[in-house]
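Results of the structural survey
Take a look at the letters that make up each chain.
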Amino acid sequence: MGMIEKLLGGAGAVKAAGEAASSVAEVFVPNATKKLEAAQAAYLAALQEHGAEFEYIRPGRFDRIVNGLNRLPRPVLAFGIVGLFVYAMLDPVGFAQRMVGLGYVPEPLWWLLGAVVSFYFGAREAHYFRMKTALPKPPDALARPPVEENAALSAWRSLKKQDE
């Protein structure tokens, strides 16, 4: 070790030679750490830009109408089935005629109806499942302001402690 130091002229010269060799090597092989840092910086910049795009969403009239329409199918289906029971009680002959008419609907059409309803409700469930994971967590219970002490509750607690 001492011989190399004497040949190159001390620790400072050895360090300078090492840095020169690494900079020459980076010409042929890029620095992996710098490449990863640049990729991470580009990813974070793209993520911030995407987040800024959706930061202040103010739904317009069209969005409110579509959201209202999206809330209709479940209540309509529920009330429609209850309505079928009421219709069967009020007009059994008319109800029976319509149910016989449903028997003439071909099976592939029933499968198609089932697929449409399944995909509709499945997409809604997936949407709400994704939104649930994106919601912020509620603040910690310790961060809430303290509740004022109730005099009647304090008196009741003291009586309870005396009974024990």
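Values in this document were obtained by computation on a predicted structure and should not be read as measured data. Note on numbering: residues in each chain are counted from 1, in written sequence order. Confidence filtering applies because this is a predicted model: local features only for residues at pLDDT of at least 70, side-chain atom pairs given and counted only at 80 or more, and all residues used for totals across whole chains, interfaces and linings. By convention in this description, side-chain values take in all heavy atoms of the structure and omit both hydrogens and water.

**Side note on the overall build of the protein chain**
For the purposes of this entry, the term helix denotes a DSSP run of H or I that reaches at least four residues, the term strand denotes a run of E that reaches at least two, and both are numbered from the N terminus. A tally of regular secondary structure across the protein chain gives eight helices and zero strands. Its helices and strands in sequence order give the protein chain the pattern α-α-α-α-α-α-α-α, from N to C terminus. For the protein chain, buried positions account for 2% of its 164 residues. With residues, only the protein chains shown are counted as cover, and all accessible areas are computed by Shrake-Rupley using a 1.4 Å probe. Of the roughly 15,200 Å² of accessible surface on the protein chain, a fraction of 68% belongs to carbon and sulfur atoms. Type-normalised accessible area, obtained with a 1.4 Å probe on protein chains alone, sets the label of each residue: buried when under 20%, exposed when over 50%, and partly exposed for intermediate values.

**Re a nonpolar patch on the surface**
Like-charged residues are merged into a patch within 9 Å and nonpolar side chains (Val, Leu, Ile, Met, Phe, Trp, Tyr) within 5 Å, provided each residue has over 30% relative accessible area and no salt bridge. The working definition used for a salt bridge is a side-chain nitrogen of Lys or Arg within 4 Å of a carboxyl oxygen of Asp or Glu. A cluster of nonpolar side chains, namely Leu77, Leu84, Met99, Leu102, Trp110, Leu113 and Val117, defines an oily patch on the protein surface of about 580 Å² accessible area. Mapped onto the nonpolar patch, the elements with two or more residues apiece are α5 (73–90), α6 (92–102) and α7 (107–134). For the nonpolar patch, the element with the highest residue contribution is α7, accounting for three residues. For Met99, a relative accessible area of 34% corresponds to the partly exposed category.

**Notes on the confidence of the model for the protein chain**
Every residue gets a pLDDT, meaning the predictor's confidence in that residue, from 0 to 100. Confidence in the prediction for the protein chain averages 79 pLDDT; 77% of positions are at 70 or higher. Summarising per-element confidence for the protein chain, the mean pLDDT is lowest in helix α1 (residues 2–8) (62) and highest in α6 (93).

**Quick word on the packing of α5 against α6**
Remark: α5 packs on α6, axes separated minimally by 5 Å, with the N-to-C direction vectors making an angle of 125°. Comparing the axis directions of α5 and α6 gives the class oblique. In this structure, α5 uses Leu84, Tyr87, Ala88, Met89 and Leu90 to contact α6, whose residues at the interface are Pro92, Gly94, Phe95 and Arg98. Axis lines are fitted through C-alpha atoms, for helices just across the contact stretch, and the angle between N-to-C directions can take any value from 0 to 180 degrees. Angles are sorted into four bins: roughly parallel if under 35 degrees, roughly antiparallel if over 145, roughly perpendicular if 65 to 115, and oblique for all others. What makes two residues a contact is simply this: any of their non-hydrogen atoms within 4.5 Å.

**Some words on the packing of aromatic side chains**
Note on ring pairs: Phe, Tyr and Trp rings are taken, using the six-membered ring of Trp, and paired if centres are within 6.5 Å. Classes follow the plane angle, with under 30 degrees stacked, over 60 edge-to-face and the rest tilted. Counted by the stated rule, this structure contains two aromatic pairs. Seen from their ring centres, Tyr120 and Phe121 are 5.0 Å apart, and the 80° between their planes marks the pair as edge-to-face. Judged by its relative accessible area of 23%, Phe121 is partly exposed.

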